[in-house]
Amino acid sequence: MLKIIMPTIMLLPMALLSPQKFLWTNTTTHSILIATASLHWLLPTYYPHKNLTQWTGIDQTSSPLLVLSCWLLPLMIMASQNHLQHEPPTRKRIFITALITIQPFIILAFSTTELMLFYISFEATLIPTLILITRWGNQPERLSAGTYLLFYTLISSLPLLVTILHLHAHTGTLHLSMLKLIPPSHTNTWTTTLSNLALLTAFMVKAPLYGLHLWLPKAHVEAPIAGSMLLAALLLKLGGYGIMRTTLLMNPLPNHLHYPFLTLALWGALMTSSICLRQTDLKSLIAYSSVSHMGLVIAAGMIQTHWSFAGAMILMISHGLTSSMLFCLANTNYERTHSRILLLTRGMQPLLPLMATWWLVANLTNMALPPTTNLMAELTIMIALFNWSALTIILTGTATLLTAAYTLFMLLTTQRGTLPTHITSIQNSTTREHLLMTLHTIPMLLLILKPDLIS
């Protein structure tokens, strides 16, 4: 555990002290080394917790998310090179340190076995993202986006803290491995239902449930590219991971807590994917699509079967890779045309033909084309939900249909059509961008071959 956390902390003096010429190369190579070293966590074991220290341990549920978070740090640093070109060197250093400080917090949040430490790291990831959005965003509306993000997460996570303290006062321990041994209290009192509700709502806001999702499109639209990659690929997964962790503590979950969350999640998947069809803003379209995907994850986490947990895990990993890649592609368009409006960036295929192939790959994986892991995950979740109640197939089926519709709509409007008249000259796509896209697609294509690493 420490052999990953210590180098990520040592990235901070490297970003602050490396000479100006080698700043980007040093930080990216070091973080890529950390990412390759973290791959050994994926080896499947029969032990419940690997590398068990007193507070951290790696489970089969947390190791894929840990590897994903280590893998995305070099990609975020690589993606934000271009829009920091004209900044003074100290600001570049501060940006990179803001990206690096969030990393050990995410690693702690995914690997901890103690609920209080989990809560602390879960909240500590909020601060660097807030700094990223409100300082390095593109428009002046980024301040309102930052306040939305802050107040949504803080108001929702205060009951979580109260519940954790209440649990500690009752059981005397907060270790997950100890809490699993305590027999469940079959009391249907107000305190148990309210504490279950409080445990759930904090993660429901983080992995946005439909109705609590309003901070997400704002934050995505205003964030810089590294901020929205971080938000889409890791912080949404914190919510799903928290749901998968805490629902196991409240066994068996009472039915009147199931139903509102399940209906909201599935109906929200339907609603947000139909919102996507009317969207004019590229980044906001991708943000709403990630809301609809995480709705499936929430619905799968609520019914607590083996199949649904495996499907939720695979969907979280593959959605992290695909949505992060889509944000990178939208950012390459934005850096060339300086607008996110779909009507002003259409017809890019004759100008950047190689980028068009990356767009095609990302959109097909987002649409859950077979044989991608997205399709596998959506199918397992749908089978589990259908087994739970046959009526859910209506909602999930229409949601997948609309997903295919808006991804194809996005592909056609950005790549095909007549070129807008205001684009006269456009810069070529660089090697850095192509490397970024390949590093996103290679894990997706390799996971098709061995998907049991992440289930």
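Residues numbered from 1 in each chain as written. Predicted model: local features only at pLDDT ≥ 70, side-chain atom pairs only at ≥ 80, totals over all residues. Heavy atoms only, no water.

Per an unreviewed UniProt entry, the protein chain carries the name NADH-ubiquinone oxidoreductase chain 4 and comes from Tachybaptus novaehollandiae. Looking at the Catalytic activity (unreviewed entry) heading of the UniProt record, one finds this comment for the protein chain: "a ubiquinone + NADH + 5 H(+)(in) = a ubiquinol + NAD(+) + 4 H(+)(out)". The record held by UniProt for the protein chain lists under Sequence similarities (unreviewed entry) the comment "Belongs to the complex I subunit 4 family." (UniProt positions renumbered as here; feature names shortened; annotations may be inferred.)

**Q** Mind laying out helix 11 (residues 225-246), listing which residues take part and the relevant values?
**A** Between its first and last C-alpha, helix 11 extends 31 Å over 22 residues, near the 32 Å set by a 1.5 Å rise per residue. Of all the bends in helix 11, the greatest, near 40 degrees, is centred on Leu231. Counting buried residues along helix 11, 22 of its 22 residues qualify, which places the element largely inside the surrounding structure. (Helix = DSSP H or I, 4+ residues; strand = E, 2+ residues; numbered from the N terminus. Expected span 1.5 Å × (residues − 1). Bend = angle between axes of the 7 residues up to and from the residue. Buried < 20%, exposed > 50% of the residue type's maximum accessible area, 1.4 Å probe, protein only.)

**Q** So what's going on with helix 1 (residues 2-17)? Residues and values would help.
**A** Taking 1.5 Å of rise per residue, 16 residues should cover 22 Å, and helix 1 covers 23 Å from first to last C-alpha, within 8% of that figure. Along helix 1, the residues classified as buried are Ile4, Ile5, Thr8, Leu11 and Ala15. If you follow the buried residues of helix 1, they end up packed against helix 2 (23-37), helix 3 (63-79) and helix 4 (89-111). (Contact = heavy atoms within 4.5 Å.)

**Q** I'd like a rundown of the packing of helix 15 (residues 353-366) against helix 17 (residues 392-415), residues and numbers included.
**A** Where helix 15 contacts helix 17, the axes come no closer than 9 Å and their chain directions differ by 170 degrees. Considering their axes alone, helix 15 and helix 17 lie roughly antiparallel with respect to each other. Contacts between helix 15 and helix 17 involve Ala356, Trp359, Leu360, Asn363 and Asn366 from the first element and Thr403, Tyr406, Thr407, Met410, Leu411, Thr414 and Gln415 from the second. For the contact of helix 15 with helix 17, the residue count by class is 6 nonpolar, 6 polar and no charged. (Axes fitted to C-alpha atoms, helices over the stretch in contact; angles between N-to-C directions. Parallel < 35°, antiparallel > 145°, perpendicular 65-115°, else oblique. Nonpolar A, V, L, I, M, F, W, Y, C, P; charged D, E, K, R; others polar.)

**Q** Describe a nonpolar patch on the surface, with residues and values.
**A** On the surface, a nonpolar cluster with roughly 410 Å² of combined accessible area is contributed by Phe386, Leu391, Ile393 and Ile394. Inspection of the secondary structure puts Ile393 in helix 17. Classification of Ile393 by relative accessible area gives partly exposed; the value is 38%. (Patch = residues over 30% accessible without salt bridge, like charges linked within 9 Å, V, L, I, M, F, W, Y side chains within 5 Å. Areas by Shrake-Rupley, 256 points an atom, 1.4 Å probe, with all protein chains shown as cover. Salt bridge = Lys/Arg side-chain N within 4 Å of Asp/Glu carboxyl O.)

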